[in-house]
Amino acid sequence: MIIPVIRKMSILPNSDICETPSMSTNLRNQTDFDAIIIGAGACGLMCAVQAGFLGKRVLILEKNDRPGAKILISGGGRCNYTNLYASPQQFISGNEHFCKSAFARWTVDDTVSFFETYGIVGQEKTLGQLFPVSNKAKDVVNIFTGLCADLGHELWCDAEVAKVERVGDGFAVTYSRDNKMKVLNAPKVVVASGGLPVAKLGATDLGLRMAKQFGMWVTDTAPALVPLTITGKDQPWYEQLSGNSIFCRVWNDRASFEENILFTHWGLSGPAILQISSYWRPGEFIYIDLLPPQDILESIQSEREVNGKKTLLVYLAGLFTRKFAEALSGKLPVEKNLASLSKTDLENISKFIHEFRVKPAGDKGYDKAEVMRGGVSTDELSSKTLESKKVTGLYFGGECVDVTGWLGGYNFQWAWASGFVIAQNL
Ligand SMILES: Cc1cc2nc3c(=O)[nH]c(=O)nc-3n(C[C@H](O)[C@H](O)[C@H](O)COP(=O)(O)OP(=O)(O)OC[C@H]3O[C@@H](n4cnc5c(N)ncnc54)[C@H](O)[C@@H]3O)c2cc1C
């Protein structure tokens, strides 16, 4: 691995995001690229840099006016760039084995040492989530743009790819820039154009469209890591609790997560809900244990022995918040004292607290989703190279592929790993 000096050059007024020095100049030789990479997101940038380390020259075409838009806003602007416990188990895919090869070749340790090499030291927050100690996502982007500059890559922003066509053994890439449609040729093309979430950050359906155009199967896509909505007669109950956060276990037939849930005026959010949303299908229930570390019946039994006159309301307010306990009136006999609770009351309390059943009306959609579930079918790609099995020289990486990670740095780990793997084959 070469360790070039990172240069920072201004790309936009008042911005310290760096840019390749050649970005504003014309190409020396327009056919001189080993590959064109579509998308300067996590996958495309890692792919470009790793290809450069191997002596390859690439052009990155990016629709936005700057690279790494999602990296910049990720983790609340702090960028949760990997997860120390990442393994193939935290990924959803039509083929659960598909990601194993990439993760064996680019590990979490590789991510950690790559960023350390270029000056980013990680700090672990909860559950293995790694963030830069600087808490600045732009430090992550600056590493890539600095390396692209030093490696002599071209990174063109405001360049939206419209289509890619097969020409001989290579490809013709049509893109718009400066209000003009232009065409460039390259022997290889890397589709790192991401998934459908958050159009205002540059998301397009290009990856899915291109796969279909080349006769490749695309699995059903849906928003994932997304808040869930409640409508109808139940909605006011959730609305009154808006802002309340509770540590819970949330589960369905496919998965279970212990983290916080957050009540909102339109439904449920918080990390446990985002996690389960990736496993939820419209029309299904999810279940919530509102008190996962304890058995409420045992707890009530102990309390009634010493303080049987305490009302259920006061007792629940001690376990949760007063607001939450009050919201349970109408659902549970909160006015009764603990000593007078009947067997049926206790069964109802236990069921309510430990198996709270919710049927979401829907989700908040791609604008509020962190990732897309589904995408270019893993059946269509070599797991070792991420090259299309049908179209030699065409590669798909990152979020446009049917590999979706949990919340907590897993999706970037997939983006880095897939970018690295593709680079080895350009
Ligand atoms: C709000 C939010 C917070 C997140 N936080 C985290 C986090 O902390 N940790 C984590 O692991 N994951 C996080 N994610 C998910 C993570 O950002 C993505 O999984 C990851 O960025 C995917 O990388 P990618 O390179 O495949 O796609 P992207 O990063 O989306 O990059 C794709 C790029 O392609 C460009 N593009 C699209 N179409 C075209 C076109 N036609 N022509 C040219 N360019 C095009 C886009 O503008 C974009 O820059 C978050 C996502 C969101 C929305």
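Position labels on residues start from 1 in each chain and follow its written sequence. Only residues with pLDDT of 70 or above have their local features reported here, since the model is predicted, and side-chain atom pairs are shown and tallied only from 80 upward, although totals for entire chains, interfaces and linings are computed over all residues. Calculation of side-chain values draws on the structure's entire complement of heavy atoms; hydrogens and water are dropped beforehand.

## A short note on the sheet that holds strand 13 (residues 228–229)
So, step 1. Only strands joined by at least two bridges in the DSSP assignment are considered to pair. A helix here means a DSSP run of H or I that spans at least four residues, while a strand means a run of E at least two residues long, and both kinds are numbered starting from the N terminus. Pairing is antiparallel in the open sheet, where seven strands are placed in the order 18-17-14-15-16-13-19. Every other strand in the sheet has two partners, leaving strand 18 (356–358) and strand 19 (362–363) as the edge strands with one partner each.

## Section: helix 4 (residues 108–117)
So, step 1. Looking only at helix 4, the buried set comprises Val108, Thr111, Val112, Phe114 and Phe115. For helix 4, the angular spread of the buried residues around the axis is 165°, confining them to a single face.
So, step 2. Whether two residues are in contact is decided by their heavy atoms: any pair within 4.5 Å suffices. Of the surrounding elements, those touching the buried residues of helix 4 are helix 1 (42–53), strand 3 (82–83), strand 6 (129–132), helix 5 (137–151) and helix 13 (410–423).
So, step 3. Downstream of helix 4 by one or two residues, glycine 119 has phi in the positive range, about 100°. Exposure categories follow from relative accessible area, calculated using a 1.4 Å probe and restricted to protein chains: below 20% of the type maximum is buried, above 50% is exposed, and the middle band is partly exposed. Directions from the helix axis toward the C-beta atoms define the arc.

## Let's talk about the sheet that holds strand 7 (residues 154–156)
So, step 1. Pairing is parallel across the open sheet formed by five strands, whose spatial order is 7-2-1-11-21. Where the open sheet ends on each side, the last strands, each with one partner, are strand 7 and strand 21 (394–396). When strand polarity is set aside, the average angle formed by the axes of neighbouring strands in this sheet is 15°.
So, step 2. Relative to strand 21, strand 11 (residues 189–191) runs parallel, the two being bridged by three bridges. Note that in strand 21 the partner of valine 190 across the bridge is tyrosine 395. Note on definitions: angles span 0 to 180 degrees between N-to-C directions of axes, and those axes are lines fitted to C-alpha atoms, for helices only across the stretch in contact.

## Examining the confidence of the model for the protein chain
So, step 1. Chain-level pLDDT for the protein chain is 92 on average; 93% of the residues reach the 70-or-more range.
So, step 2. On a range of 0 to 100, pLDDT expresses the predictor's confidence in each residue. Every residue in residues 1–28 scores below 50 in pLDDT, and together they form 70 contacts with partners more than four places removed in sequence or on other chains.

## Description of the side chain of glutamate 399
So, step 1. Looking at the secondary structure, you find glutamate 399 in the loop between strand 21 and strand 22 (404–405).
So, step 2. Under this rule, positive means Lys or Arg and negative means Asp or Glu; His and the chain ends count for nothing. Salt bridge criterion: a side-chain nitrogen from Lys or Arg within 4 Å of a carboxyl oxygen from Asp or Glu. For the buried residue glutamate 399, which engages in no salt bridge, the nearest side chain bearing the opposite charge is lysine 70, 4.0 Å off.
So, step 3. Polar contacts, as used here, are pairs of N or O atoms within 3.5 Å; protein pairs need one atom able to donate a hydrogen and one able to accept it. Residues neighboring in sequence count only if both atoms are side-chain atoms. At 3.0 Å, the side chain of glutamate 399 and the backbone nitrogen of methionine 372 are in polar contact.
So, step 4. Among residues more than four places away in sequence, those in contact with glutamate 399 are Lys70, Gly194, Gly195, Pro197, Glu370, Val371, Met372, Gly374 and Trp414.

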